[in-house]
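Residues per chain are reported as follows:
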Amino acid sequence: MAGRIKIRAQKKGDITEVKALMRHPMETGMRKDEAGEAIPAHFITEVAVFHGDQTVMQGHWGAAVSANPFLGVRFEGGEPGDTVRVTWEDNQGGTGEGQTTIR
Amino acid sequence: MRLAGVARIVGLSLVAGSWTSAAEDIVAVLESSFIAKNQATMARLQQDAVQEVCSAPRGTPVEETVLSELRQQRLDAVVLPADGVFLGDWQRGAEVAGNGRGLQSSDDPTKPNGGNCYACHQLAPDEVAYGTLGPSLTGYGARGQSEPMLRYTWTKLWDTHAYNLCSHMPRFGAQGILSEQQLRDVMAYLLDPASPVNQTKQ
Amino acid sequence: MAVKGVTGKMTTMKAKPISRRRWLQWTLVLGAAAALPGRVWATLVRPDAAFGATALDQALAALGDAPSAHEGIEFVTPDIAENGAVVPIRVAVDSAALPNVTKVSILVEMNPNPLAASFNIPPGTEVYIETRVKVAQTCTLYAVVEADGQLFMQSRETKVTLGGCGG
Amino acid sequence: MPRGYGVKTVFLWSVCLALSLGAARVPADGVFDQYRDLMGDDNPAVFVIDEGEELWFTAQGPKSATLEACDLGLGSGVTAGAYVRFPRYFADTNEVMDVEARLVHCMTTIQGRDLESVTAKPYSLRGDLGTEIEALVTWLAAESEGETIAPEQTHAAEREMYVLGEEIFFYRAGPHDFSCATCHEQSEMRIRLQSLPDLTSHAGAANAWGSWPAYRISQGLVRTMGWRMRDCFRQQRWPELQMGSTTSIALQTYMAVNAAGGVMSAPGLKR
């Protein structure tokens, strides 16, 4: 089940700024639901940003990244129309994917 | 689920006649709109004399005699501490002042209720998360611990309506929200010179 | 099921409400995900020891030797957070003052597991990270960067208050 | 219908909108201005808007119908600008309804779903990502983005609902003698650091009414005004307010009429 990612990539001078919002609960495993049952840990563990087929950033995340995570990165170069893609993987084997083109 | 049914009935009566804001009609509407949840029972929708008088929308006049009579009743009903000991432990008082729980449907009824004083008042100058609905009580201890001041402060906590009818402040003693010991501890938090309330800002 | 693709001109004035209907002019790419270019992060090992650490010094030790403070790291966090569940942070490193940074890690001292996230920065990518982390209680946050095998850091305190009406 | 992102087709939304913070409520002395600036415009409510839109177009219930035939007061299927006219009187039910009540009506009539199941869990509990009602109301609010708040007051029942709403607003009850007015009758006030809009004033009501539903950062969820009132009553130590009940509709009428003329700017972003 691919989670949704919303991305905007904007050329600013000689760098490209990428902002991404990801749809994910980022459960720490320490919270309890109304019935007092622990809600299992469910959080993004790996995230990556690509410009075309080049890796722009790659991160490891813990459960302390906020729910519906936000990520902002910048890389040198990139032309309007180029593809920018973001992907993630979580501790339950779920994946997320989003793609846009540079403005 | 009485959603559609009851709303229709009330809707009809709305259309038929103009709405008279007699108390019974509003209680009927409230009872059709809420369901009991844990300790928050439907009985809590019923008003007592103070609540009824103090629920008049702004600008609706209430005769002065009614107000003064009720205020006197509240004053007479105040229960001072049994052994005349007004001050408890300010550390425990600090906990009561910071605890916003108690008597909600989501609260554990076996745990002590909080006073949530910080919701509306500034107290210890170093605590930045304070409310502004009530006056600042920082440095309250400077008022000293004379008998009248102890009785005044106790009465304000027990039932503020004894002095200021229709105040927004809950009746911590009269409504059984805080125990006598908790009230003593809050009194100490306010009046004890060692309490953070009476220290200067770091 | 018809899904309306909507594009529209976006006003970027911050004060005015920016609406969904007046989105920035984007091209809408619909279609199956292109094949992932190899398991790129498989080559980079997740620092599980650091993520598992339950105390700040333990997490730092797992990242490398003790970091020294460095002015070249700009670490921005709010002085007071409206809620500890979402604390926006920004790390930016001036590569002239501190060159060859390859990794940025964010730690929150009083969290059950202080290490919140770590980012690998390949050449050609600015050392610039914006994200949002959970802060369990008022404490010090750390931005730790690795350059030429050495750790440097910048720290800031963020206050987390009991929000709302306290209940 | 699987919740949230259980939708099979992979949506490569490449568009990220910048939902403004709406009329975010910050204490007068701006203690959270820096925090709000750092948060910027990226409001996760954008996902919930999409999920609401998808639900509107998704066939459900015994009649396996979508909600496209639902009349929100501007004609069946008309969603743009519908939210800002609520609460309003509907001849087909002979009732003044809020958005939540009207959606429930369409679900039971057009889709043939039973009232019990549709209203069993209106609002997310801890650990959920969002309920159907929350997503639909969020999308409908976004469909009124920038519109002028103009609740219907032409029908006698609508005007009387306002009078009832005002009366309930000042009704003090429960162990703490709280009413809505206890906290929402004065401007520039706050509980701890939580600012309190004066809902008896136009400015305060427009600010509040125009920015709900809103993404609550403390919960990672978009919450509706219906939920906001239910949780307020919980803290007032009252029993539990029912979605679409007369009290809920009356209070929203009181707020919306006080807010009339203001601008809708939801979903907002709140603590």
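Cut-offs and rules
Residues numbered from 1 in each chain as written. Chains lettered and ligands numbered in written order. Predicted model: local features only at pLDDT ≥ 70, side-chain atom pairs only at ≥ 80, totals over all residues. Heavy atoms only, no water. Contact = heavy atoms within 4.5 Å. Buried area = accessible area lost by both parts, 1.4 Å probe. Salt bridge = Lys/Arg side-chain N within 4 Å of Asp/Glu carboxyl O. Polar contact = N/O pair within 3.5 Å; in protein donor to acceptor, adjacent residues only side chain to side chain. Helix = DSSP H or I, 4+ residues; strand = E, 2+ residues; numbered from the N terminus. Nonpolar A, V, L, I, M, F, W, Y, C, P; charged D, E, K, R; others polar. Disulfide = S-S within 2.5 Å. Buried < 20%, exposed > 50% of the residue type's maximum accessible area, 1.4 Å probe, protein only. Pairing = 2+ DSSP bridges.

S.K.: For this particular structure, what's the right way to read the interface of chain D and chain B?
M.R.: The interface is formed by 53 residues belonging to chain D together with 63 residues belonging to chain B. Across the interface of chain D and chain B, roughly 5,200 Å² is buried in total on both sides, 57% from carbon and sulfur atoms. A per-residue breakdown of the area chain D buries against chain B is headed by Tyr171, Arg172 and Arg192 of chain D, which together make up 16% of the total. Across the salt bridge formed by Lys37 of chain B and Glu240 of chain D, the nearest N and O atoms sit 3.1 Å from each other. Across the contact surface, chain D and chain B share 26 residue pairs in polar contact (both at pLDDT 80 or more). The element best represented in the side of chain D that touches chain B is helix α6 (residues 156-169) of chain D, accounting for eight residues. Of the residues that constitute the side of chain D that touches chain B, the class distribution is 24 nonpolar, 15 polar and 14 charged.

S.K.: Whenever I open this one, the state of the cysteines confuses me. Can you help?
M.R.: Note on terminology: a disulfide is the covalent bond linking the sulfur atoms of two cysteines. Counting across every chain of the model gives two disulfides over all chains. There is a disulfide in this structure between Cys54 of chain B and Cys166 of chain B, and the S-S distance comes to 2.1 Å. Residues Cys54 of chain B and Cys166 of chain B are joined by a disulfide whose S-S torsion is about -85 degrees; by sign, that bridge is left-handed. Here Cys166 of chain B lies in the loop between α6 (147-158) and α7 (180-191) and Cys54 of chain B lies in the loop between α3 (49-53) and α4 (64-77), a separation of 112 residues in the sequence. Free of any disulfide, Cys232 of chain D has its nearest cysteine sulfur in Cys165 of chain C, 6.6 Å distant.

S.K.: What's the story with the pattern of salt bridges in this structure? I'm lost.
M.R.: Any two side chains of opposite charge can pair, so long as their charged atoms come close to each other. Residue and element names in this part refer to chain B. Under the definition given, this model contains 34 salt bridges over all chains. With its nearest N and O atoms 2.7 Å apart, the salt bridge here joins Arg74 to Asp159. Note that Arg74 is positioned in helix α4 and Asp159 in the loop between α6 and α7, a separation of 85 residues in sequence. Judged by its relative accessible area of 1%, Asp159 is buried. One salt bridge in this structure joins Asp185 and Arg92, with 2.9 Å as the shortest N-O distance. Placement of Asp185 in helix α7 and of Arg92 in helix α5 (residues 90-98) is noted, with a sequence separation of 93 residues between them. Since its relative accessible area comes to 2%, Asp185 is described here as buried.

S.K.: Looking at this structure, how should I read the interface of chain C and chain A?
M.R.: Buried accessible area, meaning the area lost when the parts come together, often serves as the stated size of an interface. The partner chain A presents 43 residues to the 41 residues of chain C that form the contact. Both faces combined, the contact of chain C with chain A buries some 3,600 Å², and carbon together with sulfur accounts for 56% of it. Joining chain C to chain A, the criterion identifies two salt bridges. Here Glu46 of chain A ties to Arg46 of chain C by a salt bridge, and the two come within 3.6 Å at their closest N and O atoms. Inspection of the region where chain C meets chain A yields 16 residue pairs in polar contact (both at pLDDT 80 or more). Residue assignment for the side of chain C that touches chain A shows that the elements contributing at least two residues are β6 (115-120) and β7 (128-133) of chain C. Sort the elements by how many residues they give to the side of chain C that touches chain A and β7 of chain C lands first, with six residues. Counted by class, the side of chain C that touches chain A contains 26 nonpolar, nine polar and six charged residues. Relative to β6 of chain C, strand β4 (residues 54-61) of chain A runs antiparallel, the two being bridged by four bridges. Each residue of the ladder has a partner; that of Trp61 of chain A, found in β6 of chain C, is Ala117 of chain C.

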